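Chain by chain, the residues run as shown.
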Amino acid sequence: MAAHNSKDPLHGVTLEMQINALVARYGWAQLGKLININCFKSDPSVKSSLKFLRRTPWARAEVEALYLDSLEDAAPEDLDNDPWANSRLKKS
């Protein structure tokens, strides 16, 4: 049986994984500047961010876009430390 290869770069990446990766890369303060939503600015936590982003499609779209941009901007040495980025590298 052939493995299904999705062309969606977010395939298999949960919203929680995205938030954790963005916080690890930017920190809460910088994340709040990049995406202007209160769950990143006022008493931020992964739990409160997930609750808000799951109910707010426009904010979730911004987080997903920033996550994808951060993967494209990552240097090769950064990809070695990000297990989620490694799964999306194109294999020749």
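Residues numbered from 1 in each chain as written. Predicted model: local features only at pLDDT ≥ 70, side-chain atom pairs only at ≥ 80, totals over all residues. Heavy atoms only, no water.

(A) Representation of the overall build of the chain. The number of helices and strands found in the chain is six helices and zero strands. Taken from the N to the C terminus, the helices and strands of the chain come in the order α-α-α-α-α-α. Here the chain, with 92 residues, has 32% of them falling under the buried criterion. For the chain, restricting intrachain contacts to residue pairs at least 6 apart in sequence, the fraction spanning at least 24 positions comes to 50%. About 6400 Å² of surface is accessible on the chain, with carbon and sulfur atoms providing 51% of the total. (Helix = DSSP H or I, 4+ residues; strand = E, 2+ residues; numbered from the N terminus. Buried < 20%, exposed > 50% of the residue type's maximum accessible area, 1.4 Å probe, protein only. Contact = heavy atoms within 4.5 Å. Areas by Shrake-Rupley, 256 points an atom, 1.4 Å probe, with all protein chains shown as cover.)

(B) Main features of unusual backbone geometry. In this model, D43 sits at a positive phi of 50°, which is unusual for a non-glycine residue. Looking at where D43 falls in the secondary structure, it is placed in the loop between α2 (38-41) and α3 (46-55). Classification of D43 by relative accessible area gives exposed; the value is 68%.

(C) Representation of helix α4 (residues 57-73). Here α4 contains 17 residues, and its C-alpha end-to-end distance of 24 Å stays within 8% of the 24 Å for a straight helix at 1.5 Å per residue. Among all positions in α4, only A59, V63, L66, Y67, S70 and L71 are buried. For α4, the angular spread of buried residues about the axis comes to 140°, placing them on one side. Away from its buried face, by an angle of more than 90 degrees, α4 presents the exposed residues P57 and E72. (Expected span 1.5 Å × (residues − 1). Arc of directions from axis to C-beta.)

(D) View of the packing of aromatic side chains. Scanning all chains against the criterion turns up two aromatic pairs. Consider the rings of F52 and W58, whose centres lie 6.5 Å apart with planes at 85°: the pair is edge-to-face. Since its relative accessible area comes to 26%, F52 is described here as partly exposed. (Phe/Tyr/Trp six-rings, centres within 6.5 Å; stacked < 30°, edge-to-face > 60°.)

(E) Region of interest: helix α1 (residues 15-34). Taking 1.5 Å of rise per residue, the 20 residues of α1 would be expected to cover 28 Å, yet its terminal C-alpha atoms sit only 17 Å apart, more than 12% below that figure. Along its length, α1 shows its largest kink, about 95°, at G27. Three or more residues of α1 are buried, namely L15, Q18, I19, A21, L22, V23, L31 and G32. (Bend = angle between axes of the 7 residues up to and from the residue.)

(F) Just the side chain of S70, in detail. Checked against the element boundaries, S70 lands in helix α4. Not counting chain neighbours up to four residues away, the residues in contact with S70 comprise L22, R25 and Y26.

(G) Representation of the packing of α1 against α3. The geometry of α1 relative to α3 is characterised by a closest axis approach of 11 Å and an angle of 125° between their N-to-C directions. Classified by the angle their axes make, α1 and α3 are oblique. Handedness of the crossing formed by α1 with α3: right-handed. Together, L15, E16, I19, N20 and W28 of α1 and V46, S49, L50, L53 and R54 of α3 make up the contact between the two elements. Grouping the amino acids of the contact of α1 with α3 by side-chain chemistry returns six nonpolar, two polar and two charged. (Axes fitted to C-alpha atoms, helices over the stretch in contact; angles between N-to-C directions. Parallel < 35°, antiparallel > 145°, perpendicular 65-115°, else oblique. Left-handed = near helix turned anticlockwise from the far one by under 90°. Nonpolar A, V, L, I, M, F, W, Y, C, P; charged D, E, K, R; others polar.)

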